[in-house]
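Architecture at a glance
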Amino acid sequence: MAERMLQFVNHPQILPEKRDAAERRADFGEIYRGFATSRAEEQASRCSQCGIPFCSVHCPLGNNIPDWLKLTAEDRLQEAYEMSSATNTFPEICGRICPQDRLCEGNCVIQKGFESVTIGAVERFITENAFEQGWVQPRLPDRELGLSVGIVGSGPAGLACAERLRARGYEVHVYERQDRVGGLLTYGIPSFKLEKHVVARRHKLLEEQGIIFHLSTPIGAGEGETSLDDLRTRHNAVFLGTGVYRSRSVDVPGADLNGVVDAIDFLTASNRRGYDEDPGEDVGLHAKGRRVVVIGGGDTAMDCVRTSIRQGAEKVTCVYRRDRANMPGSRQEVYNAEEEGANFEWLAAPEEFLGEGTVEGVKVLKMRLGAPDATGRRSIEGTGQHSIIEGDLVIRALGFDPEDLPGQWQQPDLAVTRWGTLTVPPGGFQTSLPGVFAGGDIVRGASLVVWAIKDGRDAADAMHLSLTKTLALEAAE
């Protein structure tokens, strides 16, 4: 059915229907509606089936994108799902939150002027259709190996590692300090990008697979915490997928004023409210009726901007030290935020938070772009000009750094890099502690969900290889 493909010359790129900005400002529902079957098949048929699939090359998971696009175009939807899920543990999540404009879609080789294939939307359709049809089933092992592994953290890296090891026949225990599974998928990413029932549905499937979850179980050396030494005693191997949660600060005068908060605290409180939970007495973590200033230019900053709008902020301004073209976040997220009423102050860097006890505004230094640095990114320099942006809630969204795991866990032999991430060999996953592996953000630093999934899958393979080698040596003795 080759004639079904290369239809980009006949069918224009059509994105999923997007809810009106006025409507979506009023709730936290996902803003994009899924493709109908006919539209998904039509959009999949636009693939050119090129000889070198740069979409796959630029996908961290190496997804066989042209193959499942072709299967979708030919109405072979169950095969398309099987192909998609063979390389991606959570395609329903990646289809929603991956920055396709920077990865697969951004590297589509369809002739300029015809626009890329809508890969992310088709991926989401394939998996949602598979769930509706009952094709998504837990991957039960063929046999039990009699070996146990412990996973610390239930974010995408930990869950991907757990699923892959359980499918091989390991007894898998996941330890999560929060009361729900998902890590930043649950408490960091707003529901308008990833509705929480999607994560809960996957959690249920993993439980049906036989994975054992220990929620509200922090790992550490404090009272009531489970120590890493205990986990190493209980299990044949341990995987650390704790992520990075320590917010980067802004070292300027006034940073300790009331009303200056970190993005992770603001987003976690908002997501807890989505579960009808009381996030605490701190009304400082709600934007209703306030003039909000968000500092940063990544996807977390956009999450804070768009959450503030939905909470009923009087005005929301995003301050970023570079221009729009040099923002690290998704361009589509910036466009969505503008549609919803956000303001952007480009080429501006915070120099001081103003106020007496409580923040009242941000003094910013106007910037200009200079020559590219060693990485090719434009440098910035101050112009000497200043302006003041009024605001009584300032959200710092400048990224995340690792927590001090060796110190918190009293594990001085757990080696870290100069950035605080865990040390593993190049291309490997075993830490300096025998039998302890790690992957995801705690190794590579704050990154994308799709990279965390890849690390979790690859670490599971490394753990299996290590354990089978150990068993073989013991048997030989």
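In short, a report on the structure. (Residues numbered from 1 in each chain as written. Predicted model: local features only at pLDDT ≥ 70, side-chain atom pairs only at ≥ 80, totals over all residues. Heavy atoms only, no water.)

Regarding its fold elements, the protein chain presents 17 helices and 15 strands. For 477 residues, the compact-globule estimate of 2.2 N^0.38 gives 23 Å, and the protein chain sits close to it at 23 Å. Counting only C-alpha atoms, the protein chain reaches 70 × 65 × 50 Å along its principal axes. Taking all 477 residues of the protein chain together, 52% fall into the buried category. The contacts in the protein chain between residues at least 6 apart in sequence include a share of 70% that link residues at least 24 apart. If you sum the accessible surface of the protein chain, you get close to 21200 Å²; carbon and sulfur atoms cover 48% of it. Charge-centre separation for the protein chain: the mean point of 53 positive side chains lies 4 Å from the mean point of 69 negative side chains. (Helix = DSSP H or I, 4+ residues; strand = E, 2+ residues; numbered from the N terminus. Rg over C-alpha atoms; globule rule 2.2 N^0.38 Å. Buried < 20%, exposed > 50% of the residue type's maximum accessible area, 1.4 Å probe, protein only. Contact = heavy atoms within 4.5 Å. Areas by Shrake-Rupley, 256 points an atom, 1.4 Å probe, with all protein chains shown as cover. Lys, Arg positive; Asp, Glu negative; His and termini not counted. Charge placed at Lys NZ, Arg CZ, Asp CG, Glu CD.)

Now for the pattern of salt bridges. Using the criterion set out here, one finds 36 salt bridges in the structure. With its nearest N and O atoms 3.1 Å apart, the salt bridge here joins R19 to E23. Taking the shortest distance from any N to any O, the salt bridge between R306 and E333 comes out at 2.8 Å. Taken together, the positions of R306 in helix 13 (residues 299–310) and E333 in helix 14 (residues 331–339) put the pair 27 residues apart, joining distant regions of the chain. Taking relative accessible area as the criterion, R306 reaches 1% and is therefore assigned buried. Among the charged side chains, a salt-bridge network with shared partners connects K18, R24, R306, R310, E333, E339 and E340. (Salt bridge = Lys/Arg side-chain N within 4 Å of Asp/Glu carboxyl O.)

The subject of this paragraph is the environment of I97. On the secondary structure map, I97 appears in helix 6 (residues 91–97). With relative accessibility at 15%, the residue I97 sits in the buried group. In contact with I97, other than residues within four places in its own chain, are L185, I189, K193, L194 and V449.

Moving on, we get to a nonpolar patch on the surface. A cluster of nonpolar side chains, contributed by I52, F54, V57 and V109, occupies part of the molecular surface with about 360 Å² of accessible area. Mapped onto the elements of the fold, V57 is located in helix 3 (residues 54–57). (Patch = residues over 30% accessible without salt bridge, like charges linked within 9 Å, V, L, I, M, F, W, Y side chains within 5 Å.)

With that settled, consider the packing of aromatic side chains. Taken as a whole and assessed by the stated rule, the structure comprises four aromatic pairs. Ring geometry for F344 and W346: centres 4.9 Å apart, planes at 10°, overall stacked. Of the residues examined, F344 reaches a relative accessible area of 15% and is grouped as buried. Stacked on the ring of Y275, the Lys or Arg R180 has its end atom at 3.7 Å from the ring centre. Seen from the ring of F192, R310 lies directly overhead, with NZ or CZ sitting 4.1 Å from the centre. (Phe/Tyr/Trp six-rings, centres within 6.5 Å; stacked < 30°, edge-to-face > 60°. Lys NZ or Arg CZ within 6 Å of the ring centre and 35° of its normal.)

Below, the discussion takes up the packing of helix 4 (residues 65–73) against helix 7 (residues 119–133). Put simply, helix 4 and helix 7 touch, their axes get as near as 11 Å, and they point 60° apart. In terms of orientation, helix 4 lies oblique with respect to helix 7. Note on packing geometry: the crossing formed by helix 4 with helix 7 is left-handed. Contacts between helix 4 and helix 7 involve I65, W68, L69 and T72 from the first element and I119, V122, E123, F125 and I126 from the second. Residue composition of the contact of helix 4 with helix 7, grouped by class: seven nonpolar, one polar and one charged. (Axes fitted to C-alpha atoms, helices over the stretch in contact; angles between N-to-C directions. Parallel < 35°, antiparallel > 145°, perpendicular 65-115°, else oblique. Left-handed = near helix turned anticlockwise from the far one by under 90°. Nonpolar A, V, L, I, M, F, W, Y, C, P; charged D, E, K, R; others polar.)

It is worth spelling out empty space enclosed by the protein at this point. Rolled over the atoms, a probe sized like a water molecule indicates the empty space that remains. Overall, the coordinates contain two cavities of 30 Å³ or more when judged by the stated rule. Lining of the largest cavity is provided by 14 residues; of these, C59, N63, C98, C104 and E123 occupy positions nearest its centre. Sort the elements by how many residues they give to the lining of the largest cavity and helix 7 lands first, with three residues. Looking at side-chain class alone, the lining of the largest cavity contains nine nonpolar, four polar and one charged residues. (1 Å grid on protein atoms, 1.4 Å probe; cavity = no way out; pocket = protein on both sides within 12 Å on 5 of 7 lines; lining within 4 Å. Points joined across faces, edges and corners; volume = space filled by probe spheres on them.)

We now examine the packing of helix 5 (residues 77–87) against helix 7. Pairs of packed helices are described in terms of their axes, by the angle between the two and the distance that separates them. Axis separation between helix 5 and helix 7 bottoms out at 9 Å; the angle between their running directions is 110°. As the angle between them shows, helix 5 and helix 7 are arranged roughly perpendicular. Where helix 5 crosses over helix 7, the two elements pack in a sense that is left-handed. For the pair helix 5 and helix 7, the contacting residues are L77, A80, Y81 and S84 in the first and E123, F125, I126, T127, N129 and A130 in the second. For the contact of helix 5 with helix 7, the per-class residue count stands at six nonpolar, three polar and one charged.

Strand pairing in a sheet is mediated by backbone hydrogen bonds. Such pairs are either parallel or antiparallel. Strand order across the open sheet formed by five strands is 3-2-1-4-15, with parallel pairing between neighbours. The two strands at the open ends of the sheet, each matched to only one other strand, are strand 3 (212–214) and strand 15 (436–438). With strand direction ignored, the average angle separating the axes of adjacent strands in the sheet is 20°. Bridging between strand 1 (residues 148–152) and strand 4 (residues 237–240) involves four bridges; their strand directions are parallel. The partner of V152 across the bridge, within strand 4, is L240. (Pairing = 2+ DSSP bridges.)

Without other data, these values stay purely geometric and don't point to any function.
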